[in-house]
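# Notes for the structure review
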Amino acid sequence: MARWPFQPYLGGVFAVVHHPDYVAPASARSGYQWNKNGLVRDLLMGSGTAIDWHEPAPMPAHWIEAVHDPDYVAEVIEARVPAHKERRIGFAVTPLVARRAQIVPGGTWLAALIAIEQGFAANIAGGSHHALADTGAGFCVFNDLAIAAVRLTDERRVKQVLIIDCDVHQGDGTAALTAGRPGIATYSIHADKNFPARKARSTVDVALPDGLGDDDYLAILGETLLPLIDRVAPDLILYQAGVDPFEGDRLGRLKLSVTGLERREQLIAEIALDRGVPLASTLGGGYGLDAMEVAHRHVASILTLGQAFAAGRPSEGRTAMRHA
(Lines give C-alpha, C1' and ligand atoms only; values in the text may rest on other atoms or scores of the structure.)
Protein backbone atom coordinates (compact mmCIF):
# COMPACT_ATOMS: atom_id res chain seq x y z
CA MET A 1 0.00 0.00 0.00
CA ALA A 2 1.31 3.42 -0.96
CA ARG A 3 2.27 5.76 1.86
CA TRP A 4 3.35 9.37 1.75
CA PRO A 5 4.59 11.96 4.27
CA PHE A 6 2.11 14.29 5.91
CA GLN A 7 2.49 17.86 7.06
CA PRO A 8 -0.11 20.38 8.31
CA TYR A 9 -2.38 22.24 5.91
CA LEU A 10 -1.44 25.90 5.62
CA GLY A 11 -3.43 27.61 8.36
CA GLY A 12 -5.23 24.35 9.21
CA VAL A 13 -7.65 24.80 6.30
CA PHE A 14 -9.44 21.82 4.74
CA ALA A 15 -11.82 21.41 1.81
CA VAL A 16 -15.63 21.27 2.04
CA VAL A 17 -17.96 20.76 -0.94
CA HIS A 18 -21.37 22.47 -0.92
CA HIS A 19 -23.93 23.64 -3.46
CA PRO A 20 -26.88 25.98 -2.76
CA ASP A 21 -29.20 23.44 -4.39
CA TYR A 22 -28.37 20.89 -1.68
CA VAL A 23 -31.10 22.76 0.21
CA ALA A 24 -34.34 21.92 -1.61
CA PRO A 25 -37.82 22.86 -0.31
CA ALA A 26 -39.47 20.11 1.70
CA SER A 27 -42.20 18.23 -0.11
CA ALA A 28 -45.54 17.71 1.62
CA ARG A 29 -45.50 15.20 4.48
CA SER A 30 -41.83 14.39 3.93
CA GLY A 31 -40.07 12.79 6.89
CA TYR A 32 -36.70 14.03 5.64
CA GLN A 33 -35.29 17.24 7.12
CA TRP A 34 -34.54 19.25 3.98
CA ASN A 35 -33.07 22.17 5.89
CA LYS A 36 -30.34 19.99 7.43
CA ASN A 37 -27.77 20.69 4.71
CA GLY A 38 -28.27 24.44 5.02
CA LEU A 39 -27.88 24.29 8.77
CA VAL A 40 -24.67 22.28 8.42
CA ARG A 41 -23.31 24.89 6.00
CA ASP A 42 -24.24 27.77 8.32
CA LEU A 43 -22.75 26.09 11.38
CA LEU A 44 -19.51 25.36 9.56
CA MET A 45 -19.30 28.95 8.31
CA GLY A 46 -19.85 30.21 11.86
CA SER A 47 -17.44 27.77 13.49
CA GLY A 48 -14.36 29.93 13.05
CA THR A 49 -12.67 27.06 11.22
CA ALA A 50 -10.62 27.84 8.10
CA ILE A 51 -12.48 26.07 5.29
CA ASP A 52 -11.73 25.98 1.57
CA TRP A 53 -15.23 25.92 0.00
CA HIS A 54 -15.89 24.21 -3.34
CA GLU A 55 -19.06 24.09 -5.47
CA PRO A 56 -19.73 20.98 -7.58
CA ALA A 57 -21.26 20.60 -11.02
CA PRO A 58 -24.12 18.14 -11.61
CA MET A 59 -23.03 14.60 -12.34
CA PRO A 60 -23.46 13.90 -16.08
CA ALA A 61 -26.38 11.57 -16.76
CA HIS A 62 -24.23 8.94 -18.47
CA TRP A 63 -22.21 8.45 -15.29
CA ILE A 64 -25.39 8.07 -13.25
CA GLU A 65 -26.54 5.53 -15.86
CA ALA A 66 -23.30 3.59 -15.32
CA VAL A 67 -24.85 2.58 -11.98
CA HIS A 68 -28.61 3.16 -12.27
CA ASP A 69 -31.11 1.93 -14.85
CA PRO A 70 -31.42 4.55 -17.63
CA ASP A 71 -35.22 4.51 -17.44
CA TYR A 72 -35.08 5.35 -13.73
CA VAL A 73 -32.49 8.06 -14.35
CA ALA A 74 -34.84 9.63 -16.90
CA GLU A 75 -37.76 9.42 -14.48
CA VAL A 76 -35.78 11.35 -11.88
CA ILE A 77 -34.24 13.95 -14.17
CA GLU A 78 -37.63 14.65 -15.76
CA ALA A 79 -39.36 14.64 -12.31
CA ARG A 80 -41.86 11.94 -13.28
CA VAL A 81 -40.98 9.25 -10.75
CA PRO A 82 -43.96 6.89 -10.27
CA ALA A 83 -45.86 7.16 -7.01
CA HIS A 84 -44.81 3.71 -5.81
CA LYS A 85 -41.14 4.64 -6.17
CA GLU A 86 -41.70 7.99 -4.43
CA ARG A 87 -43.26 6.12 -1.53
CA ARG A 88 -40.19 3.92 -1.33
CA ILE A 89 -37.92 6.98 -1.46
CA GLY A 90 -39.94 8.76 1.21
CA PHE A 91 -40.72 12.03 -0.59
CA ALA A 92 -41.91 13.42 -3.92
CA VAL A 93 -39.30 13.97 -6.64
CA THR A 94 -40.06 17.52 -7.72
CA PRO A 95 -37.95 19.40 -10.32
CA LEU A 96 -35.89 20.93 -7.48
CA VAL A 97 -35.39 17.54 -5.85
CA ALA A 98 -34.40 16.13 -9.24
CA ARG A 99 -31.76 18.81 -9.68
CA ARG A 100 -30.43 18.15 -6.20
CA ALA A 101 -30.26 14.43 -7.00
CA GLN A 102 -27.87 15.17 -9.89
CA ILE A 103 -25.73 17.65 -7.98
CA VAL A 104 -25.13 15.54 -4.87
CA PRO A 105 -23.20 12.79 -6.76
CA GLY A 106 -21.23 15.59 -8.40
CA GLY A 107 -20.32 16.76 -4.90
CA THR A 108 -19.09 13.34 -3.82
CA TRP A 109 -17.10 13.05 -7.06
CA LEU A 110 -15.52 16.48 -6.49
CA ALA A 111 -14.71 15.65 -2.86
CA ALA A 112 -12.99 12.47 -4.04
CA LEU A 113 -10.85 14.35 -6.57
CA ILE A 114 -9.85 16.93 -3.95
CA ALA A 115 -9.05 14.20 -1.43
CA ILE A 116 -6.78 12.44 -3.93
CA GLU A 117 -4.72 15.61 -4.21
CA GLN A 118 -5.00 17.02 -0.68
CA GLY A 119 -5.66 14.05 1.59
CA PHE A 120 -9.21 14.93 2.71
CA ALA A 121 -12.40 16.64 1.60
CA ALA A 122 -15.97 16.57 2.92
CA ASN A 123 -19.16 16.64 0.88
CA ILE A 124 -21.86 18.09 3.16
CA ALA A 125 -24.52 16.05 1.39
CA GLY A 126 -24.60 12.52 0.02
CA GLY A 127 -24.10 9.13 1.54
CA SER A 128 -27.29 8.01 -0.23
CA HIS A 129 -26.57 4.34 0.30
CA HIS A 130 -30.06 2.83 -0.06
CA ALA A 131 -30.69 3.82 -3.69
CA LEU A 132 -30.87 0.76 -5.96
CA ALA A 133 -30.50 0.29 -9.70
CA ASP A 134 -34.09 1.03 -10.71
CA THR A 135 -35.45 2.93 -7.71
CA GLY A 136 -34.55 5.08 -4.77
CA ALA A 137 -35.27 4.07 -1.19
CA GLY A 138 -34.91 5.30 2.37
CA PHE A 139 -34.58 9.05 1.55
CA CYS A 140 -32.03 8.22 -1.19
CA VAL A 141 -32.62 9.00 -4.89
CA PHE A 142 -29.29 8.29 -6.63
CA ASN A 143 -26.44 6.41 -4.95
CA ASP A 144 -23.64 8.99 -4.98
CA LEU A 145 -21.14 6.63 -3.35
CA ALA A 146 -21.54 3.95 -6.02
CA ILE A 147 -21.62 6.50 -8.85
CA ALA A 148 -18.41 8.17 -7.69
CA ALA A 149 -16.64 4.86 -7.07
CA VAL A 150 -17.53 3.51 -10.52
CA ARG A 151 -16.44 6.71 -12.26
CA LEU A 152 -13.18 6.83 -10.30
CA THR A 153 -12.24 3.29 -11.31
CA ASP A 154 -13.59 3.48 -14.88
CA GLU A 155 -11.63 6.69 -15.51
CA ARG A 156 -8.60 5.05 -13.86
CA ARG A 157 -8.24 7.83 -11.31
CA VAL A 158 -7.55 5.09 -8.77
CA LYS A 159 -7.04 1.34 -8.88
CA GLN A 160 -8.93 0.52 -5.69
CA VAL A 161 -11.70 2.31 -3.80
CA LEU A 162 -12.94 1.27 -0.37
CA ILE A 163 -16.37 2.51 0.70
CA ILE A 164 -16.62 2.59 4.49
CA ASP A 165 -20.21 2.92 5.69
CA CYS A 166 -20.71 3.71 9.39
CA ASP A 167 -24.38 4.67 9.11
CA VAL A 168 -26.63 2.82 11.56
CA HIS A 169 -28.46 1.35 8.54
CA GLN A 170 -26.78 -1.14 6.23
CA GLY A 171 -25.47 0.25 2.93
CA ASP A 172 -27.57 -2.19 0.93
CA GLY A 173 -27.80 -0.16 -2.26
CA THR A 174 -24.08 0.54 -2.33
CA ALA A 175 -23.27 -3.13 -1.82
CA ALA A 176 -25.71 -4.24 -4.53
CA LEU A 177 -24.65 -1.65 -7.10
CA THR A 178 -20.91 -2.29 -6.73
CA ALA A 179 -20.98 -6.07 -6.28
CA GLY A 180 -18.58 -7.78 -8.66
CA ARG A 181 -17.10 -4.53 -9.95
CA PRO A 182 -13.30 -4.67 -10.00
CA GLY A 183 -11.52 -2.11 -7.88
CA ILE A 184 -14.38 -1.44 -5.44
CA ALA A 185 -14.74 -2.93 -1.96
CA THR A 186 -17.47 -2.15 0.58
CA TYR A 187 -17.63 -2.22 4.38
CA SER A 188 -20.80 -1.67 6.40
CA ILE A 189 -21.12 -1.61 10.19
CA HIS A 190 -24.76 -1.25 11.23
CA ALA A 191 -27.55 -2.24 13.60
CA ASP A 192 -28.63 -5.73 12.59
CA LYS A 193 -32.34 -5.23 13.30
CA ASN A 194 -32.64 -1.83 11.64
CA PHE A 195 -33.70 -0.86 8.10
CA PRO A 196 -33.47 -2.39 5.55
CA ALA A 197 -35.16 -5.62 6.53
CA ARG A 198 -33.48 -7.44 3.65
CA LYS A 199 -29.74 -6.84 3.72
CA ALA A 200 -27.39 -6.98 0.73
CA ARG A 201 -23.90 -8.46 0.88
CA SER A 202 -21.01 -6.05 1.29
CA THR A 203 -17.38 -7.15 1.04
CA VAL A 204 -17.50 -7.06 4.84
CA ASP A 205 -20.71 -6.65 6.86
CA VAL A 206 -20.66 -6.11 10.61
CA ALA A 207 -24.15 -6.51 12.08
CA LEU A 208 -24.41 -5.16 15.62
CA PRO A 209 -26.93 -5.92 18.39
CA ASP A 210 -29.27 -3.20 19.61
CA GLY A 211 -27.98 -0.89 22.32
CA LEU A 212 -24.26 -1.27 21.68
CA GLY A 213 -22.27 1.55 23.30
CA ASP A 214 -19.07 3.46 22.61
CA ASP A 215 -16.32 1.10 23.76
CA ASP A 216 -17.74 -2.09 22.26
CA TYR A 217 -18.62 -0.35 19.00
CA LEU A 218 -15.16 1.16 18.56
CA ALA A 219 -13.43 -2.10 19.42
CA ILE A 220 -15.47 -4.00 16.84
CA LEU A 221 -14.94 -1.26 14.23
CA GLY A 222 -11.18 -1.44 14.60
CA GLU A 223 -11.05 -5.24 14.71
CA THR A 224 -13.11 -5.67 11.53
CA LEU A 225 -12.04 -2.69 9.42
CA LEU A 226 -8.26 -2.87 9.77
CA PRO A 227 -7.86 -6.34 8.21
CA LEU A 228 -10.01 -5.30 5.23
CA ILE A 229 -8.00 -2.13 4.60
CA ASP A 230 -4.74 -4.03 4.79
CA ARG A 231 -6.10 -6.71 2.44
CA VAL A 232 -7.56 -4.49 -0.30
CA ALA A 233 -4.94 -1.69 -0.05
CA PRO A 234 -7.23 1.14 -1.21
CA ASP A 235 -5.98 4.21 -3.04
CA LEU A 236 -9.01 6.15 -1.75
CA ILE A 237 -11.65 5.81 0.96
CA LEU A 238 -15.19 7.07 0.39
CA TYR A 239 -16.64 7.44 3.87
CA GLN A 240 -20.35 7.41 4.70
CA ALA A 241 -20.19 9.28 8.01
CA GLY A 242 -23.76 8.75 9.20
CA VAL A 243 -24.34 10.11 12.70
CA ASP A 244 -27.42 7.99 13.39
CA PRO A 245 -25.64 5.46 15.64
CA PHE A 246 -26.12 8.23 18.24
CA GLU A 247 -28.11 7.12 21.29
CA GLY A 248 -30.70 9.86 20.80
CA ASP A 249 -31.26 9.35 17.07
CA ARG A 250 -34.89 8.94 16.03
CA LEU A 251 -34.11 6.11 13.57
CA GLY A 252 -31.14 4.48 15.28
CA ARG A 253 -30.87 1.42 17.54
CA LEU A 254 -27.33 1.89 18.87
CA LYS A 255 -26.13 3.88 21.86
CA LEU A 256 -23.11 5.92 20.85
CA SER A 257 -22.62 9.13 22.79
CA VAL A 258 -21.50 12.44 21.31
CA THR A 259 -18.01 11.55 22.50
CA GLY A 260 -18.33 8.10 20.94
CA LEU A 261 -19.13 9.60 17.54
CA GLU A 262 -16.11 11.88 17.87
CA ARG A 263 -13.90 8.92 18.77
CA ARG A 264 -15.23 7.04 15.74
CA GLU A 265 -14.16 9.85 13.41
CA GLN A 266 -10.79 10.09 15.10
CA LEU A 267 -10.30 6.35 14.59
CA ILE A 268 -11.30 6.48 10.91
CA ALA A 269 -8.96 9.44 10.32
CA GLU A 270 -6.13 7.78 12.23
CA ILE A 271 -6.45 4.59 10.18
CA ALA A 272 -6.42 6.52 6.89
CA LEU A 273 -3.55 8.77 7.92
CA ASP A 274 -1.46 5.91 9.25
CA ARG A 275 -1.79 4.07 5.95
CA GLY A 276 -1.46 7.12 3.74
CA VAL A 277 -4.90 6.74 2.18
CA PRO A 278 -6.87 9.87 1.16
CA LEU A 279 -10.44 10.07 2.40
CA ALA A 280 -13.57 11.80 1.09
CA SER A 281 -16.49 11.93 3.51
CA THR A 282 -20.22 12.25 2.86
CA LEU A 283 -22.94 13.34 5.26
CA GLY A 284 -25.01 10.20 5.70
CA GLY A 285 -27.92 9.71 8.06
CA GLY A 286 -28.92 11.61 11.15
CA TYR A 287 -32.51 12.04 12.34
CA GLY A 288 -34.35 13.83 15.10
CA LEU A 289 -37.15 16.25 15.81
CA ASP A 290 -34.64 19.06 16.40
CA ALA A 291 -32.95 19.77 13.05
CA MET A 292 -30.33 21.97 14.67
CA GLU A 293 -29.28 19.19 17.05
CA VAL A 294 -28.89 16.82 14.09
CA ALA A 295 -26.90 19.43 12.17
CA HIS A 296 -24.55 19.87 15.15
CA ARG A 297 -23.84 16.13 15.06
CA HIS A 298 -22.89 16.30 11.39
CA VAL A 299 -20.75 19.39 11.90
CA ALA A 300 -18.87 17.73 14.77
CA SER A 301 -18.17 14.77 12.48
CA ILE A 302 -16.85 16.97 9.65
CA LEU A 303 -14.72 19.10 11.96
CA THR A 304 -13.23 16.08 13.71
CA LEU A 305 -12.26 14.50 10.40
CA GLY A 306 -11.07 17.74 8.83
CA GLN A 307 -8.99 18.81 11.78
CA ALA A 308 -7.36 15.38 12.01
CA PHE A 309 -6.28 15.59 8.38
CA ALA A 310 -5.36 19.25 8.75
CA ALA A 311 -2.78 18.10 11.29
CA GLY A 312 -1.30 15.63 8.82
CA ARG A 313 -1.79 16.14 5.08
CA PRO A 314 0.37 15.07 2.10
CA SER A 315 3.41 17.29 1.72
CA GLU A 316 2.85 17.34 -2.05
CA GLY A 317 -0.24 16.87 -4.20
CA ARG A 318 -0.64 13.15 -4.80
CA THR A 319 -2.43 11.41 -7.63
CA ALA A 320 -3.34 7.91 -6.55
CA MET A 321 -2.62 6.58 -10.04
CA ARG A 322 -0.19 8.17 -12.41
CA HIS A 323 -0.02 7.28 -16.09
CA ALA A 324 2.81 7.68 -18.55
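These numbers were taken from a predicted model, which means no experiment stands behind them.

## Some words on the overall build of the protein
- Along the backbone of the protein there are 10 helices and 10 strands.
- Residues counted as buried form 59% of the 324 residues belonging to the protein.
- A separation threshold of at least 6 residues defines the contact pool for the protein, and within that pool the share at least 24 residues apart is 77%.
- As displayed, the protein has an accessible area near 12500 Å², and 51% of this comes from carbon and sulfur atoms.

## Concerning the nonpolar core
- Ile164, Tyr217 and Leu238 are the most contacted members of the largest nonpolar core, which totals 96 residues.
- When residues of this core are assigned to their parent elements, the largest contribution, 12 residues, is made by helix H5 (residues 95-118).
- In this view, isoleucine 164 contacts Tyr187, Leu225, Ile229, Ile237, Leu238, Tyr239, Gln240 and Ile268; residues no more than four positions away in its chain are not counted.

## Description of empty space enclosed by the protein
- Inspection of the entire model under this criterion finds 2 cavities of 30 Å³ or more.
- In this structure, the largest cavity encloses a volume near 40 Å³.
- If you go around the largest cavity, the residues you meet are Asn123, Ala241, Ser281, Thr282, Leu283, His298, Ser301, Ile302 and Leu305.
- Where the lining of the largest cavity is concerned, the elements lending two or more residues are strand S9 (279-282) and helix H10 (291-310).
- Here the lining of the largest cavity gets 4 residues from one element, more than from any other, and that element is H10.

## Describing the environment of arginine 264
- Checked against the element boundaries, arginine 264 lands in helix H9 (residues 258-275).
- As a C-alpha pair, arginine 264 and serine 301 span 37 residues in sequence and 8.9 Å in three-dimensional space.
- Leave out the neighbours within four places in its chain, and arginine 264 touches Cys166, Tyr217, Leu218, Leu221, Tyr239, Ala241, Gly242, Val243 and Pro245.
- Within the structure, arginine 264 has its side chain in polar contact with the side chain of tyrosine 239 (distance 3.1 Å).

## Some details on the pairing of strand S8 (residues 236-240)
- Summarising burial for S8: 5 of the 5 residues are buried, a large majority.
- Residue alternation in S8 divides its side chains into two sets, Leu236, Leu238 and Gln240 and Ile237 and Tyr239, and both sets are buried.
- One ladder, built from 5 bridges, connects strand S5 (residues 161-165) with S8; its direction is parallel. The residue of S8 that forms the bridge with isoleucine 164 is tyrosine 239.
- Relative to S9, S8 is paired through 4 bridges, and the arrangement is parallel. Along S9, the bridge assignment pairs glutamine 240 with threonine 282.
- Of the crossover connections in this fold, the one passing from S8 over H9 to the parallel S9 is right-handed.

## Description of the packing of helix H8 (residues 214-232) against H9
- The contact between H8 and H9 brings their axes to 11 Å, and the two run at 20°. Taken together, the axes of H8 and H9 lie roughly parallel to each other. For the pair H8 and H9, the crossing hand works out as right-handed. Across the interface between the two elements, Asp214, Asp215, Tyr217, Leu218, Leu221, Gly222, Leu225, Leu226, Ile229 and Asp230 from H8 touch Gly260, Arg263, Arg264, Leu267, Ile268, Ile271 and Arg275 from H9.
- Broken down by class, the residue content of the contact of H8 with H9 amounts to 9 nonpolar, 2 polar and 6 charged.

## Things to note about the sheet that holds strand S6 (residues 184-191)
- With parallel pairing, the 8 strands of this open sheet are ordered in space as S3-S2-S4-S9-S8-S5-S6-S7. The strands lining the two open edges of the sheet, one partner per strand, are strand S3 (51-54) and strand S7 (204-208). Pairs of neighbouring strands in the sheet enclose a mean axial angle of 15°, with direction left out of account.
- Direction of pairing for strand S4 (residues 120-123) relative to S9: parallel, over a ladder of 3 bridges. By the bridge assignment for S9, alanine 122 is matched with serine 281.

## Observations concerning the packing of aromatic side chains
- If you walk through the whole model with that rule in mind, you get 5 aromatic pairs.
- In this arrangement the basic side chain of lysine 36 is found over the ring face of tyrosine 287, its NZ or CZ atom lying 5.5 Å from the centre.
- Lying across the ring of tryptophan 109, arginine 151 places its NZ or CZ 3.9 Å from the centre.

## A word on the side chain of threonine 282
- By the secondary structure assignment, threonine 282 is in strand S9.
- For threonine 282, a relative accessible area of 3% translates into the label buried.
- Within the local environment of threonine 282, its side chain forms a polar contact with the backbone nitrogen of glycine 127, the two atoms lying 3.4 Å apart.
- With residues up to four places along the chain from it excluded, the contact list for threonine 282 reads Thr108, Asn123, Ala125, Gly126, Gly127, Asp144, Leu145, Tyr239, Gln240 and Ala241.

Definitions and cut-offs
- Residues numbered from 1 in each chain as written.
- Predicted model: local features only at pLDDT ≥ 70, side-chain atom pairs only at ≥ 80, totals over all residues.
- Heavy atoms only, no water.
- Helix = DSSP H or I, 4+ residues; strand = E, 2+ residues; numbered from the N terminus.
- Buried < 20%, exposed > 50% of the residue type's maximum accessible area, 1.4 Å probe, protein only.
- Contact = heavy atoms within 4.5 Å.
- Areas by Shrake-Rupley, 256 points an atom, 1.4 Å probe, with all protein chains shown as cover.
- Core = buried A, V, L, I, M, F, W, Y, C linked by side-chain atoms within 4.5 Å.
- 1 Å grid on protein atoms, 1.4 Å probe; cavity = no way out; pocket = protein on both sides within 12 Å on 5 of 7 lines; lining within 4 Å.
- Points joined across faces, edges and corners; volume = space filled by probe spheres on them.
- Polar contact = N/O pair within 3.5 Å; in protein donor to acceptor, adjacent residues only side chain to side chain.
- Pairing = 2+ DSSP bridges.
- Right-handed = clockwise from strand over helix to strand, strands pointing away.
- Axes fitted to C-alpha atoms, helices over the stretch in contact; angles between N-to-C directions.
- Parallel < 35°, antiparallel > 145°, perpendicular 65-115°, else oblique.
- Left-handed = near helix turned anticlockwise from the far one by under 90°.
- Nonpolar A, V, L, I, M, F, W, Y, C, P; charged D, E, K, R; others polar.
- Phe/Tyr/Trp six-rings, centres within 6.5 Å; stacked < 30°, edge-to-face > 60°.
- Lys NZ or Arg CZ within 6 Å of the ring centre and 35° of its normal.

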